[in-house]
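# Coordinate analysis (summary)
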Amino acid sequence: MLNLMLKEDLINRLKTIVSPYAQNKEALDSIHEETDFINDLKINSANLVDVILDVEEAFDIVIDNDAMEKMLTVKASMEVIEAKLSEK
Amino acid sequence: MIGNDLVDLHCASIESNWERKGFLDKLFTATEKAHIHSGADPFLQVWKYWTMKEAAYKIYSRMTGIRNFAPPKLCCTPGEHHYGTVLTDGLKFYTCTDTTDNYIHTTAALHSGQLADIRIEIIHYLGEMPAYASKNPACVSHHGQYLALIY
């Protein structure tokens, strides 16, 4: 488990990444683990691929298709990032 | 069960860069990518395949209750004219795509015969998106300045 500080740091980094694509700025301001990229942030589904590519660049990780499938929420993305970082 | 997806081409050209490194790899199969690169208009082919995948996914997701982001698993095959099919998870969806100068719209159905019976309403709007709940559409898609309802 990530400790609280690391978790907050990860959410903040994700917030920066999704911010250009999020159409619901209020939901972006109050982003938390359960935030859904499409339903809450109103990210266009075609821009999800940009979020994935931006995450790969920001964390210097490779996200395979199986991991990408799950990345619809902040929480799922944090789990993917954490897992990929631990493989390094 | 029917599904649809619309891409506003003007918006797509601003909001997405299909030539970005990794973009096509994350969304399309090897066959689809080869077709995109060999065609006369890669930009249009990217968004045509994308709307086919999204329209099929909307039915798939409602049928199975599964939510995911797995575009490469939705395999598109172009058919005659504007028809095509999308295969995923052992299921086959039939599609029909309408391409204009301004948008691409695809409808999808589980049976090819259903496609002809789908009524399509595309509303061009500026500013606030029009209210459509009372129209009770079977599926809705909006992007940029277009709202597509199917019945």
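Scoring rules and cut-offs
- Residues numbered from 1 in each chain as written.
- Chains lettered and ligands numbered in written order.
- Predicted model: local features only at pLDDT ≥ 70, side-chain atom pairs only at ≥ 80, totals over all residues.
- Heavy atoms only, no water.
- Helix = DSSP H or I, 4+ residues; strand = E, 2+ residues; numbered from the N terminus.
- Rg over C-alpha atoms; globule rule 2.2 N^0.38 Å.
- Buried < 20%, exposed > 50% of the residue type's maximum accessible area, 1.4 Å probe, protein only.
- Contact = heavy atoms within 4.5 Å.
- Areas by Shrake-Rupley, 256 points an atom, 1.4 Å probe, with all protein chains shown as cover.
- Phe/Tyr/Trp six-rings, centres within 6.5 Å; stacked < 30°, edge-to-face > 60°.
- Expected span 1.5 Å × (residues − 1).
- Buried area = accessible area lost by both parts, 1.4 Å probe.
- Salt bridge = Lys/Arg side-chain N within 4 Å of Asp/Glu carboxyl O.
- Polar contact = N/O pair within 3.5 Å; in protein donor to acceptor, adjacent residues only side chain to side chain.
- Core = buried A, V, L, I, M, F, W, Y, C linked by side-chain atoms within 4.5 Å.
- Pairing = 2+ DSSP bridges.
- Axes fitted to C-alpha atoms, helices over the stretch in contact; angles between N-to-C directions.

An unreviewed UniProt entry annotates chain B as 4-phosphopantetheinyl transferase family protein originating from Dyadobacter flavalbus.

In this section: the overall build of chain A. Summing up its helical and strand segments, chain A has five helices and zero strands in all. Its C-alpha atoms give chain A a radius of gyration of 12 Å, within 12% of the compact-globule value 12 Å for 88 residues. The C-alpha extent of chain A, read off along each of the three principal axes, is 35 × 30 × 20 Å. Counting across all 88 residues of chain A, residues that qualify as buried make up 50%. Taking the contacts inside chain A whose residues are at least 6 apart along the sequence as the reference set, 47% of them involve residues at least 24 apart. Carbon and sulfur atoms make up 50% of the accessible area of chain A, which amounts to about 4600 Å² in all.

Time to look at the packing of aromatic side chains. Residue and element names in this part refer to chain B. A full pass over the atoms with the stated rule returns three aromatic pairs over all chains. Residues Phe23 and Trp47 carry aromatic rings whose centres are separated by 6.4 Å and whose planes lie at 65° to one another, so their mutual orientation is edge-to-face. Here the residue Phe23 occupies a position in helix α2 (residues 23-27), and Trp47 occupies one in helix α4 (residues 42-64), the gap between them amounting to 24 residues. Judged by its relative accessible area of 0%, Phe23 falls in the buried class.

To continue, consider helix α3 (residues 48-59) of chain A. Residue and element names in this part refer to chain A. In this model, α3 (12 residues) spans 17 Å end to end at C-alpha, consistent with the 16 Å of a helix rising 1.5 Å per residue. The element α3 is extensively covered by neighbouring structure, given that 10 of its 12 residues are classed as buried. Backbone geometry just downstream of α3 places Asp60 in the positive-phi region, at approximately 50°.

What follows concerns the interface of chain B and chain A. Taken together, the contacts link 19 residues of chain B with 21 residues of chain A. Together chain B and chain A conceal approximately 1700 Å² of surface at their shared face, both sides included; 51% is due to carbon and sulfur atoms. Together, Arg20, Lys26 and Phe69 of chain B form the three largest contributors to the area buried by chain B at its contact with chain A, with a combined 45%. Counting the contacts that link chain B with chain A gives six salt bridges. The shortest N-O distance in the salt bridge between Arg20 of chain B and Glu57 of chain A comes to 3.4 Å. If you list the elements that add at least two residues to the side of chain B that touches chain A, you get α2 and α4 of chain B.

Let us now look at the side chain of Ser45 of chain A. Considering the arrangement of structural elements, one finds Ser45 of chain A in the loop between α2 (25-29) and α3. In this structure Ser45 of chain A comes out as buried when scored by relative accessible area, which is 15%. Among the polar contacts listed, one links the side chain of Ser45 of chain A to the side chain of Glu54 of chain B, at a separation of 2.9 Å.

For the rest of this paragraph, the subject is the nonpolar core. Across soluble globular proteins, nonpolar side chains show a tendency to be buried alongside one another. Counting residues in hydrophobic clusters, the biggest one holds 57 residues, and the most contacted among them are Leu41, Ile43, Val55 and Ile63 of chain A together with Phe23, Trp47 and Phe69 of chain B. Setting aside residues up to four positions removed in sequence, Leu41 of chain A forms contacts with Val18, Ala22, Gln23, Asn24, Ala27, Leu28, Ile31, Thr35 and Asp36 of chain A. Residues Ile2, Cys96, Ala109 and Ile118 of chain B belong to the second largest nonpolar core, which totals seven residues.

Here we come to the sheet that holds strand β5 (residues 103-109) of chain B. Strands in a sheet are paired, the pairing made by backbone hydrogen bonds, and the direction either parallel or antiparallel. Residues and elements named next belong to chain B. Strand order in the open sheet formed by five strands is β1-β5-β4-β3-β2, and the pairing between neighbours is antiparallel. In the strand order of this sheet, the two ends are held by β1 (2-8) and β2 (75-78), each with one partner. Each strand axis lies, on average, 25° off the axis of its neighbour in the sheet, ignoring direction. One ladder, built from four bridges, connects β2 with strand β3 (residues 83-88); its direction is antiparallel. Its bridge partner being in β3, Cys76 is matched across the sheet by Val86. Sitting on the sheet, α4 touches β1, β2, β3, β4 (91-99) and β5, and the angle it makes with β1 is about 150°.

This part covers the pattern of salt bridges. It is possible for side chains bearing opposite charge to pair when their charged atoms get close. Applying the stated rule across the entire model yields 13 salt bridges over all chains. Note that Lys84 of chain A is salt-bridged to Asp64 of chain A, the shortest N-O span being 2.4 Å. Taken together, the residues span a long stretch of sequence, with Lys84 of chain A in helix α5 (residues 74-87) and Asp64 of chain A in the loop between α3 and α4 (65-70) at a distance of 20 residues. Through salt bridges with shared partners, one network takes in Asp50, Asp54 and Glu57 of chain A together with Arg20 of chain B.

Residues and elements named next belong to chain A. Here Lys25 is to be found in helix α2. By relative accessible area, Lys25 is classed as partly exposed at 44%. Residues Lys25 and Phe59 lie 34 residues apart in sequence; the distance between their C-alpha atoms is 24 Å. For Lys25, the side chain forms a polar contact with the main-chain oxygen of Ala22, separated by 2.8 Å.

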